[in-house]
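# Remarks on the overall topology
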Amino acid sequence: MTHTSAIIDGVSLLLLLLAAAAATAALARRLRLPFSVLLVLTGIALGQAAHWAPDTLAPLAHFHLSAELILFIFLPSLVFESAFHLDARQLRDNLLPILALAVPGLLISTTVIGAIVWYATDMALISALVLGAILSATDPVAVIALFQRLGAPARLTVLVEGESLFNDATAIVATQVLVAIALAGVVEGSLVWEASEAFLRVFLGGCLVGWLLALGAGLLLGRVDDDPFIEITLVVMLAFGAFLVAEHLLHVSGVMAVVVAAITLGGWGRTKITPAVRGYLDHFWGYLGQAANALIFLIVGLQIEPLALLAAWQPLAWVILAMLVSRALVVYGVLPLTSRLPGAEAIESRYKLILYWGGLRGAIALALAVSLAEHDFAEGFVTLVTGAVLFTLLVPGLTIEALVRRLGLDQPPVADRLAAQSARVQALHQATSAIPALAKGGWLARPVVAQLEAQYRQTLEEADQALAELRAKELTPELEHRLIMLAGLSQEASAYYQLFSQGQLSEAAYRDLLYTIGLQSEALRQGRPLPAATLYPTWRLRLGAARDRLLLWLHLPRLARRLHDKRSALDFQRLVARHRVGREVLDQFERMAEEEPQRAAPIGQVADNYRLWGEATRVRLQRLALQHPRFVRRLQQQLAQRELLHRQRHAIDQQVRSGALPEAMAERIDAELDHALHQLRDGGGRLPRQEPSQLLRNLPQFSELPEAQIERLVTLLEPRPLPSGAPLVEADDAIDCLYLLADGVATVTLLDNDGQLHERLLYPGDFFGEEVLLDREPPLVVESRAHTQCEVYLLQMLALEGGCGDCDELQGALEEARRVV
């Protein structure tokens, strides 16, 4: 009976707190006050009401906070939700100042708070240091919510939120280390060294655990097809399991495990999640994070006892002063040092002031204090920590908005204001153009239609005028060019997501294209020129070649070829996607130029860039299609089949929504379509053997020849099958003919006339020795080898001259190539 009563009390408490949170949210929206601050005040009121009416509010009166409730239930929810949605690129760019605040900054804060409290009160030094570590954990939930509402700069938001994520882990680890010293009762050099070693082990160990678990979860997610229950369950298990495994089983930092797991899954692993499930997942974690935040702040309020705070006002005043002093030393002492490092970007003074004043404390500090309440050295910690938390919520928490506005950080950048005003104008254009259609319906009186039309036209003119004034005042030609480019890149990213959702892009191709968009967008936002190579950077090409050589050295030629074929299929997908999406962006630019003729010139300049990119993509796609026609045709067939299957699914969904098809029958059809889509996942298979005619057309000199002359050249080719391990050309021999590889994998190392060695990997369709055709001195073969059974064709120069001496087109193409060389 007692067990049942405890369960009923727990459920009643949860329902009561959720109802209080919902009512407080409505009140905060009406009063325009910080939600978290009102939650704490509501919690204080509920706590006092429970004291006065313990029978009526029995669940509240009997509630006792346990540190495990916050650390194992609420903390993983909050940390995972925040880190999962954190902008990984912004985090990477600001990682240095974030880590400076979270690690050395927290240790400095711990020392300063501990020293001041120890000097000003009768608290022992080690106890004061433990208190300093607890109070150095920031919890800027209220500040982040304010930033989102006001539209604060993205960098400031990442700095505050990123510091909090890493800071929590550092504070917990530092507290655990200091508690171990306090329990030992003596401070020795060896103990301090062991504590430092333990700090690094716990911190870095948590990172490793989180990363490994995220990789495992990502691989499992990649094998699940559009199942919201399984996918969301796996993500939830990762969030709570990472903390449990790290903290409880391996005794490393659970917070760091959750942070790294969330960042890894939110970046690399996001494409593993089925596109249709991402919306469910975002809503799920959004609610879970908000509910956990609300419950935590209500619980903080429940723990506050006003009379106990009044009784401890003197040590509490010293604690608050120590917090303010230590925060100032960290923000204004540590951060400037990071800006002096090579490649580091300075943090402006406005941001530093917000970082200083926005360093609120919250649930982590309270949970740590409660967990130590049974120890003698931590006597009075709960009262001091709750008082410090209450101060930061009521003083900085209520004044931070005014400070943000005073510093001008609530003003969106010019790009955002222009985008918002342009969106208003476009929306008004569409609404105004829809008014005649309303009149045709016959259900609106003509005077009403005329009044609406006049009203909307006037509003549209005012919006157009406001947009023109904003452009004239704020917009420079360079900024306008960058904004148009960013708009095109944004449309690209959206279109790539649609292709990925429809199965037209593999996960790897989608990730590569998004990476390209990210690099280009980042360069534009920072005012730098666009990177020369994003999708095909030199380092990536060299890395692929090095991997192939390593596999051949390990006698794994079939794996090398399989990876090469996979890269070719991936390249085809990316090229097709860029070609299709580039045309869509150009169409959009044409519409923009028609709607806004005053911007036709800058829009045209950006459109010219897209035309150049489109031509380069077309040439590369054509080259791939000419080199591997059957392989490309198979890939084209697969892409077309995927699109048609997705169109079928869309049609089935429409029939279900209209009620024409029962859901049970629709599920059967969807299962059949899913199976068919799964069969198309292989990406095209291996590159097929190339026919001799196609091998010849791979050479630029022969690509435009008539079919009759190609067939004539085919008769001159000398086939040479080679077993695995055989040389293509004897070592130290000069090349005296053209070599064409029809099938297999081979390598050849050539010594050119300048004494430079060149190692080439050869796959079906590759060739070497073309210098013979161009009357150039051929290179010397240092080494050559067939790594698999190969089929090679040779074209001797004497045979070419004797068999095709009267081929005018061929001789003309060779003469032109020789002149170019």
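Definitions and cut-offs
- Residues numbered from 1 in each chain as written.
- Predicted model: local features only at pLDDT ≥ 70, side-chain atom pairs only at ≥ 80, totals over all residues.
- Heavy atoms only, no water.
- Helix = DSSP H or I, 4+ residues; strand = E, 2+ residues; numbered from the N terminus.
- Buried < 20%, exposed > 50% of the residue type's maximum accessible area, 1.4 Å probe, protein only.
- Contact = heavy atoms within 4.5 Å.
- Areas by Shrake-Rupley, 256 points an atom, 1.4 Å probe, with all protein chains shown as cover.
- Lys, Arg positive; Asp, Glu negative; His and termini not counted.
- Charge placed at Lys NZ, Arg CZ, Asp CG, Glu CD.
- Patch = residues over 30% accessible without salt bridge, like charges linked within 9 Å, V, L, I, M, F, W, Y side chains within 5 Å.
- Salt bridge = Lys/Arg side-chain N within 4 Å of Asp/Glu carboxyl O.
- Expected span 1.5 Å × (residues − 1).
- Polar contact = N/O pair within 3.5 Å; in protein donor to acceptor, adjacent residues only side chain to side chain.
- Pairing = 2+ DSSP bridges.
- 1 Å grid on protein atoms, 1.4 Å probe; cavity = no way out; pocket = protein on both sides within 12 Å on 5 of 7 lines; lining within 4 Å.
- Points joined across faces, edges and corners; volume = space filled by probe spheres on them.
- Nonpolar A, V, L, I, M, F, W, Y, C, P; charged D, E, K, R; others polar.
- Phe/Tyr/Trp six-rings, centres within 6.5 Å; stacked < 30°, edge-to-face > 60°.
- Lys NZ or Arg CZ within 6 Å of the ring centre and 35° of its normal.
- pLDDT = per-residue confidence, 0-100.
- Core = buried A, V, L, I, M, F, W, Y, C linked by side-chain atoms within 4.5 Å.
- Axes fitted to C-alpha atoms, helices over the stretch in contact; angles between N-to-C directions.
- Parallel < 35°, antiparallel > 145°, perpendicular 65-115°, else oblique.
- Left-handed = near helix turned anticlockwise from the far one by under 90°.

## Structural notes on the overall build of the protein
A count of helical and extended segments in the protein gives 33 helices and eight strands. By principal-axis analysis of the C-alpha atoms, the protein measures approximately 110 × 90 × 60 Å. Residues classed as buried in the protein amount to 48% of the 821 residues present. Counting contacts in the protein only where the partners sit at least 6 residues apart, residues at least 24 apart contribute 79% of the total. Split by element, the accessible area of the protein, about 40,900 Å² in all, is 59% carbon and sulfur. Looking at charge distribution, the protein has the averaged site of its 68 positive side-chain charges lying 3 Å from that of its 86 negative ones.

## Quick look at a nonpolar patch on the surface
A cluster of nonpolar side chains, namely Ile108, Trp318, Leu321, Val325 and Leu329, defines an oily patch on the protein surface of about 400 Å² accessible area. A total of four residues in the nonpolar patch trace back to one element, the largest contributor, which is helix H16 (residues 313-338). Locating Val325 in the fold gives a position in helix H16. We classify Val325 as partly exposed; its relative accessible area is 33%.

## Notes on the pattern of salt bridges
Side chains that carry opposite charge are capable of pairing whenever their charged atoms lie near each other. This structure, assessed with the given rule, holds eleven salt bridges. In the salt-bridge network here, residues are joined through shared partners; they are Asp512, Asp571, Arg574 and Arg620.

## Looking at helix H13 (residues 254-267)
Taking 1.5 Å per residue, 14 residues should reach 20 Å; H13 reaches 20 Å between its end C-alpha atoms and fits that length. The buried count for H13 comes to twelve of 14 residues, which makes it a mostly enclosed element. Among the residues of H13, the N-terminal cap falls to Ser253, whose side-chain oxygen and the backbone nitrogen of Met256 are separated by 3.1 Å.

## Some remarks on a negative patch on the surface
Together, Glu584, Asp587, Glu590, Glu594 and Glu595 make up a region of like negative charge exposed at the surface. Classification of Glu584 by relative accessible area gives partly exposed; the value is 38%.

## With respect to the environment of Ile484
For Ile484, the location among the structural elements is in helix H23 (residues 477-501). The spatial distance from the C-alpha of Ile484 to the C-alpha of Leu27 is 42 Å, given a sequence separation of 457 residues. When sequence neighbours within four positions are dropped, the list of residues in contact with Ile484 reads Phe589, Arg599, Pro602, Ile603 and Val606.

## Let's talk about the sheet that holds strand E8 (residues 790-796)
Taking strand neighbours across the sheet as the criterion, the four strands line up as E1-E8-E3-E6 in an open arrangement whose pairing is antiparallel. Where the open sheet ends on each side, the last strands, each with one partner, are strand E1 (718-722) and strand E6 (767-768).

## Considerations on empty space enclosed by the protein
Scanning the model with the defined rule gives six cavities of 30 Å³ or more in all. Its volume calculated, the largest cavity comes out at about 80 Å³. Lining the largest cavity are Met323, Leu324, Arg327, Tyr356, Trp357, Gly359, Leu360, Arg361, Phe391, Thr392 and Pro396. Going through the elements one at a time, H16, helix H17 (349-357) and helix H19 (381-394) are the ones with two or more residues in the lining of the largest cavity. Here the lining of the largest cavity takes three residues from H16, the largest share from any one element. Here the lining of the largest cavity is composed, by residue class, of seven nonpolar, two polar and two charged. The computed volume of the second largest cavity comes to approximately 70 Å³. Lining the second largest cavity, in full, are Glu492, Tyr496, Arg578, His579, Gly582, Tyr610, Trp613, Gly614 and Thr617. Those elements that provide at least two residues to the lining of the second largest cavity are H23, helix H26 (557-595) and helix H27 (600-627).

## Some words on the pairing of strand E3 (residues 737-743)
Burial analysis of E3 places seven of its seven residues in the buried class, which makes it a mostly covered element. In terms of strand pairing, E3 meets E8 through six bridges, oriented antiparallel. Bridging from a neighbouring strand, Cys737 pairs with Gln796 of E8. The sheet contact formed by E3 and E6 spans two bridges and is antiparallel. Residue pairing in the sheet places Leu740 in a bridge with Phe767 of E6.

## Describing the packing of aromatic side chains
All told, the structure shown has eleven aromatic pairs when counted by the stated rule. Arranged with centres 5.6 Å apart and planes meeting at 80°, the rings of Phe284 and Trp285 form a pair that is edge-to-face. According to the relative accessible area criterion, Trp285 is buried, its value standing at 0%. Arranged with centres 6.2 Å apart and planes meeting at 35°, the rings of Tyr356 and Trp357 form a pair that is tilted. Three or more aromatic residues joined by ring pairs make a cluster, and in this case those are Phe80, Phe84, Phe284 and Trp285. Sitting over the ring of Phe84, Arg270 keeps its end group 4.5 Å from the ring centre.

## A closer look at the side chain of Ser164
By secondary structure assignment, the location of Ser164 is in helix H10 (residues 154-184). Residue Ser164 is classed as buried on the basis of its relative accessible area of 9%.

## Concerning the confidence of the model for the protein
Predicted confidence across the protein gives a mean pLDDT of 81, with 91% of residues reaching 70 or more. Across the protein, element-level confidence peaks in helix H7 (residues 104-120) with a mean pLDDT of 92 and bottoms out in helix H33 (residues 808-820) with 68.

## Structural notes on unusual backbone geometry
Of note, His251 is a non-glycine position whose phi angle comes to about 60°, a positive value. Along the chain, the position of His251 falls in the loop between helix H12 (228-249) and H13. Note on His251: relative accessible area 54%, which makes it exposed.

## Describing the environment of Gln176
When you line up the elements, Gln176 lands in helix H10. The class for Gln176 is partly exposed, based on a relative accessible area of 38%. When the C-alpha positions of Gln176 and Ile134 are compared, they lie 9.9 Å apart, and in sequence the two are 42 residues distant.

## Details of H19
Taking 1.5 Å of rise per residue, 14 residues should cover 20 Å, and H19 covers 20 Å from first to last C-alpha, within 8% of that figure. Among the 14 residues that make up H19, ten are buried, leaving the element largely enclosed by the rest of the structure. Every buried residue of H19 is listed here: Phe381, Leu384, Val385, Thr386, Gly387, Ala388, Val389, Leu390, Thr392 and Leu393.

## Concerning the nonpolar core
In terms of nonpolar packing, the biggest core is built from 139 residues, with Phe80, Leu131 and Phe147 touching the most fellow members. Residue contributions to this core peak at 16 residues, all from H10. Within the second largest apolar cluster, 41 residues are counted, among which are Leu722, Leu750, Cys807 and Leu810.

## Concerning the layout of surface pockets
With a probe scaled to a water molecule rolled over the atoms, the places where space remains empty come into view. Taken as a whole, the second largest pocket spans an internal volume of roughly 510 Å³. Lining of the second largest pocket is provided by 23 residues; of these, Leu71, Ile172, Gln176, Glu247 and Ser371 occupy positions nearest its centre. Those elements giving two or more residues to the lining of the second largest pocket turn out to be helix H4 (67-84), H10, helix H11 (189-221), H12 and helix H18 (363-371). Residue contributions to the lining of the second largest pocket peak at six residues, all from H10.

## Points about the environment of Arg549
Topologically, Arg549 is positioned in helix H25 (residues 538-553). Look at Arg549 and you get partly exposed, because its relative accessible area is 32%. When the C-alpha atoms of Arg549 and Arg760 are compared, they prove to be 9.4 Å apart, with 211 residues separating the residues in sequence. Residues in contact with Arg549, not counting those within four places in the same chain, are Glu759 and Leu761.

## Here's the deal with the packing of H12 against helix H14 (residues 275-303)
Interaxial distance between H12 and H14 falls to 10 Å at its minimum, and their mutual angle equals 40°. The angle between the axes of H12 and H14 places the two elements in the oblique class. Between H12 and H14 lies a crossing whose hand is right-handed. Residue-level contacts link Pro228, Glu231, Ile232, Val235, Val236, Ala239 and Phe240 of H12 to Val277, Tyr280, Leu281, Phe284 and Trp285 of H14. Residues of the contact of H12 with H14, tallied by class, amount to eleven nonpolar, no polar and one charged.

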